[in-house]
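This is what each chain is made of:
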Amino acid sequence: MEQLSYSYKTTKPIDKKIHVGVVGSGDLEILLFPTEKSETSVRVCTGSDGFGDVWKNVLTRFFDRYPITADIVINDFGATPGAVYLRLTQAMEELSDEK
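These remarks concern the structure in this document. As the structure is a prediction and not an experimental result, all values here were calculated from the model.

### Brief notes about the sheet that holds strand 1 (residues 2-9)
Turning to step 1, where the next piece is worked out: The sheet built from five strands is open, its strands ordered 1-5-7-4-3 with mixed pairing. For this open sheet the edge positions go to strand 1 and strand 3 (18-21), each flanked by a neighbour on one side alone. Between one strand axis and the next, the sheet turns through 15° on average, direction left out of account.
Turning to step 2, where the next piece is worked out: Looking at chain direction, strand 5 (residues 39-46) and strand 7 (residues 71-76) are connected through six bridges and run parallel. Residue pairing for strand 7: T46 is matched across the bridge by D76.
Turning to step 3, where the next piece is worked out: Running at roughly 30° to strand 1, helix 1 (residues 52-65) makes contact with strand 1, strand 4 (28-33), strand 5 and strand 7 of the sheet.

Okay, structure coming up:
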């Protein structure tokens, strides 16, 4: 298991907790938590070692488009970069849903 940490300067605080996905073969779960900080912290726990640059590229692309401010935890079990971006986008949809 590899533990990765990233930080991004962001401008749009979230106001509720979000949970999408499940940890399972080829998938991942994403947890978003509101924070008082002025940046987003991302912690990734992954079973696929050596992909730090790939994670950084996917996350940077996401935060360039969605500058949300949150504490984010990602638990990965071998998801592809496309699946990671899809789950992050799904989390954004959850944020915008009026439930």
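### Focus on the pattern of salt bridges
Turning to step 1, where the next piece is worked out: The full count for this structure, using the stated rule, is three salt bridges.
Turning to step 2, where the next piece is worked out: Between K9 and E39 there is a salt bridge, with its nearest N and O atoms 3.6 Å apart. With K9 in strand 1 and E39 in strand 5, this pair connects stretches of sequence that are 30 residues apart.
Turning to step 3, where the next piece is worked out: For E39, a relative accessible area of 25% corresponds to the partly exposed category.

What counts as what
Residues numbered from 1 in each chain as written. Predicted model: local features only at pLDDT ≥ 70, side-chain atom pairs only at ≥ 80, totals over all residues. Heavy atoms only, no water. Pairing = 2+ DSSP bridges. Helix = DSSP H or I, 4+ residues; strand = E, 2+ residues; numbered from the N terminus. Axes fitted to C-alpha atoms, helices over the stretch in contact; angles between N-to-C directions. Contact = heavy atoms within 4.5 Å. Salt bridge = Lys/Arg side-chain N within 4 Å of Asp/Glu carboxyl O. Buried < 20%, exposed > 50% of the residue type's maximum accessible area, 1.4 Å probe, protein only.

Purely spatial values, then, with no claim about function.
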